[in-house]
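So you can see what is in the structure, the chains are spelled out below.
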Amino acid sequence: MSETSTRVLDDLELYGVIYRQMLLIRGFEDLVQSLFLKGEVYGTTHLYSGQEAVATGVASLLEGRDRVAATYRGHGHALALGVDPQALLDEMLGRATGVNGGRAGSMNVTSPADRLIGSFGIVGGSIAAATGAALALKRTTGGIGVAYFGDGAMNQGYVFECLNFAQVLKLPLLLVCENNRYGEYTPFEAVTAGEIRGRPESMGVPAETVDGMSVWTVRAAAARAIAHVRAGNGPAFVEALTYRYVGHSRSDPGAYRPEGELAEWRARDPIVLLRTQLEDEGFAGSALAAVEQEVSDQLEQMRERGLAAPFPSGLTATEFKD
Amino acid sequence: MAPIAFRTAVRDALDEELAADERVIFFGEDVGLAGGVFATTTGLYEKYGAERVFDTPISELALAGAAFGSAVNGLRPVIEIMFGDFLTLAMDMLVNQASKYWFLTQEQISVPLVIRSVVGAGGRFGAIHSQMPASWFMGVPGLKIVAPSTPADAKALLKAAVRDDNPVLFFEHKRLYGLEGEANGEVGRLGEAAVLRDGSDVTLVTAMKGVHDALEAAERLEQDQISVEVIDLRTLRPIDTETVLASVRKTSRLVVVEEGPLTGGWGGEVLARITEQGLGYLDDAWRLATPNTPIPYSPPLEDAFLPGPEQIVSDIRRRLR
Ligand SMILES: Cc1ncc(C[n+]2csc(CCOP(=O)(O)OP(=O)(O)O)c2C)c(N)n1
Ligand SMILES: [Mg+2]
C-alpha cells in the first residue's frame, strides 16, 4: 500500500472478484461489438462499456432472495448477476443455446434463475417491473426488488407513479438511476427539469448522487440505500454519475458529444480506477495480470463456442400456445 | 423526376406542410437536432426553428397529451412515437380523448393531429421493437390509420394526414425506408386503396411491406398461369371495401396478407366485410398473417415468423390447386 492512498476497499478479495466481473463485462461488450460488425449479432445492441462500476457495485450486495429488472442496456446487469456469459453471448448470436433460446436477443434477456426478471425495452419499464417484484418479495422471500434505468427514464410517467406507489406501500425497492448524461442523442439537461435526486426526495424517498465510475463508492452508497430498504422503510434511490463510452446503439457515432468529453471520462475509467486502488491496497499485480489473462482467454473461447453453436429451428417460432 | 427514398418522402412531406401552414408543429424524441433515429426528419429543426420543431423528453404520455391539447387549441401538431411498440404509452390520449372529441363536441371541435410511428418486423429488433400495432387501434372510432407502401404514397398521404382535421395514425415500415421511387407534391386521399396489378384468379389485399412481397409473388405465380390482382389498402382505417369488392366480383377469390398476428388483425375485418357484402361472388377467402406469437429475435425464427413472397406463392398455389 502506497503512503498516500487510504484504504477504501472493505474486502480485497471481493474487489478482486468485482475486478474480474468488470473486465468480463467490458470484454463482453467489445466482443459483441466486433461480432456485430461482422454481421453475427443482429438488429441493434446497446452496450454497457464505461458503466461497469454500477452494475457490479450494486450486485455485490444482492442476495439470492432479491430480484432485478434491467434495461435494454442490460448485458452488464446480467453478467454482474451471474448469468452464464456463454449463454448470454449465444443469445446475441441468435443461437439455440442462448439464455432465451434466441427468442429474446440483446434487448429482452431474462434469467429468473439468476434473479434477472427481465431486461426491459420500454424506457421506464424496469421501474414498474421491479415495483411489482418488491410487492411480491415483501410477502414471499423477504428480498428486495432492484430497478436499473437511465437518466432519460426519469421523464417517464412510470417513475412518478412507481415512486409514490412504492413509498406509500413501503415496498422493498431499490432504484438505481444510471445517469450517463444522454438519452440516445439528447443531453439530459436539455430535457430534464431540476435535479434527478429531487424527484424521489419530494416523496420522502432517500436519494444520493454518487460517482458512478468508482465501484467502491457505488457499493457504499448502495449499501446505505439497501440497509434502508431491507429495514422495511420503503424504497431508496441512488443516482450514479457515469458515462457510456460508445454510441447509444450500433448506428450512433456520437456526434453530439462535446469535444474532449469522452476522453475526460475515460481518464477516470472504472476498471483502471479499481485496478490502481487494488494495487495500492496490496493486491498483487501478478494476480491481477492473471485475472486479465484468464478473462481474455475465456472471451476467446466464448467467441469460438458461440459461433459454432446451432441456430434454433424456424419451426419453433410458431410452436407456441398462447 | 428523380427517385427519392421513402424516408426522404416522409421528410419532404413534413417540410412542405410545415412551410404551407404556420399552425403545423412537429415534435418527438431525437427528431430535432439529431434528425430522427431513422434519419427521417433531417434539417427540419434547422429550417423551422425550435418553436415549431423540437426534441422532447422521453415522455410519451406528455407527447400524446400535448398533441391532443394543442390540436384542440388551434395548432396542427405532428408527433413522432419512435417505435410503434411505444404507442401503448401514448394510447390513452389517443383512444380516450383525441379520437372521441369530434363526436362528443357534436362536430364543433376537430382534433387535427398526426402520430407518425415506425413499425414492422424483419430488422432483428426483437419482440418490443418490431410489432405492427394496427390491430390495437382498429376498434377505435374516430381514428384513421394510414399505412403506405411507396415513397409516392408516403409523401402524398402524410401531407393528407396533416391536412386532415381529425386524428391520424401514420405508420412507416422500417424496412421500407430505403426504398426508392418518384414522389410529387400532390396531396393524397385517405381511405382509398390502389389496384397495383390486374389479375383474374385471385384478389390479394395487403399493405406496407406486404405489398412488395405480394407483387413479387404475383410475378412468380404468373409463370404458373395464376393471375393475381394485387390491392394495396394504403389506409387500414377506414378500409376501402368498395375497391376490394369490385375486384372480388371479378376474381371470386380473396386472400389477405397481413403482417400482424392472425387473431384480431385487420385481415379478419377485410374478410368479414367481403363475406358480408359479397358472399355470392366468393369461391374462396382466407388470410395469411403472422403466427400468434411475439416476434422472435433470432434470424431463422424471425424469418419463419414473417410471411414472405415464398410463403405467399406456396399458399396461393396450394389453395388454388
Ligand atoms: C417508452 C420508450 N420510449 C422511447 C424509447 C427509445 N429509447 C430507447 S433507449 C432511449 C434513451 C434512454 O435513455 P436513458 O434512460 O438515459 O438510458 P441510456 O440509454 O442512456 O442507458 C430511448 C429514447 C424506448 N425504448 N421506450
Ligand atoms: Mg442515459
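The preceding data block contains the structure.
Residues numbered from 1 in each chain as written. Chains lettered and ligands numbered in written order. Predicted model: local features only at pLDDT ≥ 70, side-chain atom pairs only at ≥ 80, totals over all residues. Heavy atoms only, no water.

1. What to know about the overall build of chain A
So, step 1. For chain A, the helix and strand inventory stands at 12 helices and 8 strands.
So, step 2. Relative to the globule expectation of 20 Å for 322 residues, the C-alpha radius of gyration of chain A, 19 Å, shows essentially globular dimensions.
So, step 3. Principal axes of the C-alpha set define a box for chain A whose edges measure 60 × 50 × 40 Å.
So, step 4. Excluding contacts between residues fewer than 6 apart, the proportion of contacts in chain A whose partners are at least 24 apart in sequence is 75%. (Helix = DSSP H or I, 4+ residues; strand = E, 2+ residues; numbered from the N terminus. Rg over C-alpha atoms; globule rule 2.2 N^0.38 Å. Contact = heavy atoms within 4.5 Å.)

2. Concerning the coordination of the magnesium ion (ligand 2)
All names here are of chain A.
So, step 1. For the magnesium ion (ligand 2), the protein coordination sphere consists of D151 (OD), N180 (OD1) and Y182 (O), at 2.0 to 2.2 Å.
So, step 2. Written as a sequence motif, the donor arrangement for the magnesium ion (ligand 2) is D-x28-N-x1-Y.
So, step 3. The exposure class of N180 is buried, given its relative accessible area of 6%. (Donors = N, O, S within 2.8 Å, 3.2 Å for Na, K, Ca; no water. Buried < 20%, exposed > 50% of the residue type's maximum accessible area, 1.4 Å probe, protein only.)

3. Some details on the interface of chain A and chain B
So, step 1. Every contact between the two is made by 36 residues of chain A and, on the other side, 31 residues of chain B.
So, step 2. Between chain A and chain B we count 0 salt bridges in total.
So, step 3. For the pair chain A and chain B, the number of links is 10 residue pairs in polar contact (both at pLDDT 80 or more).
So, step 4. Split into classes, the residues belonging to the side of chain A that touches chain B amount to 14 nonpolar, 17 polar and 5 charged. (Salt bridge = Lys/Arg side-chain N within 4 Å of Asp/Glu carboxyl O. Polar contact = N/O pair within 3.5 Å; in protein donor to acceptor, adjacent residues only side chain to side chain. Nonpolar A, V, L, I, M, F, W, Y, C, P; charged D, E, K, R; others polar.)

4. What about the packing of helix α1 (residues 6-20) of chain B against helix α6 (residues 151-163) of chain B?
Angle between the axes and distance between the axes: these two values describe a pair of packed helices.
All names here are of chain B.
So, step 1. Put simply, α1 and α6 touch, their axes get as near as 8 Å, and they point 30 degrees apart. Overall, the two elements α1 and α6 adopt an arrangement that is roughly parallel. In terms of crossing hand, the pair formed by α1 and α6 is right-handed. Within the contact between the two elements, α1 uses F6, A9, V10, D12, A13, L14, E16, E17 and A20 and α6 uses P151, A154, K155, L158, K159, V162 and R163. (Axes fitted to C-alpha atoms, helices over the stretch in contact; angles between N-to-C directions. Parallel < 35°, antiparallel > 145°, perpendicular 65-115°, else oblique. Left-handed = near helix turned anticlockwise from the far one by under 90°.)

5. Looking at the nonpolar core
So, step 1. Counting residues in each nonpolar core, the largest one holds 80 residues, and the members touching the most others are L254(B) and V270(B).
So, step 2. Summarising the domain contributions, this core has at least three residues from each of domain 1 (4-181) and domain 2 (194-320) of chain B.
So, step 3. Among residues more than four places away in sequence, those in contact with V270(B) are V205(B), L233(B), I239(B), V244(B), L254(B) and V256(B).
So, step 4. The next biggest cluster of nonpolar side chains, apart from the first, holds 63 residues, and it includes A53(A), A55(A), A59(A) and L79(A). (Core = buried A, V, L, I, M, F, W, Y, C linked by side-chain atoms within 4.5 Å. Domains from an automatic or database assignment.)

6. A few points about the sheet that holds strand β13 (residues 253-261) of chain B
All names here are of chain B.
So, step 1. As summarised here, the arrangement of the 5 strands in space is β9-β11-β10-β13-β14, forming an open sheet in which the pairing is mixed. Edge positions in the open sheet fall to β9 (194-197) and β14 (284-290), since each of these has one partner strand only. This sheet shows a mean twist of 25 degrees between the axes of neighbouring strands, independent of strand direction.
So, step 2. Here 3 bridges tie strand β10 (residues 202-206) to β13, and the two strands are oriented parallel to one another. Residue pairing for β13: L204 is matched across the bridge by V255.
So, step 3. The strands that helix α8 (residues 241-251) touches are β9, β10, β11 (228-232) and β13; relative to β11, the one it contacts most, it runs at about 175 degrees. (Pairing = 2+ DSSP bridges.)

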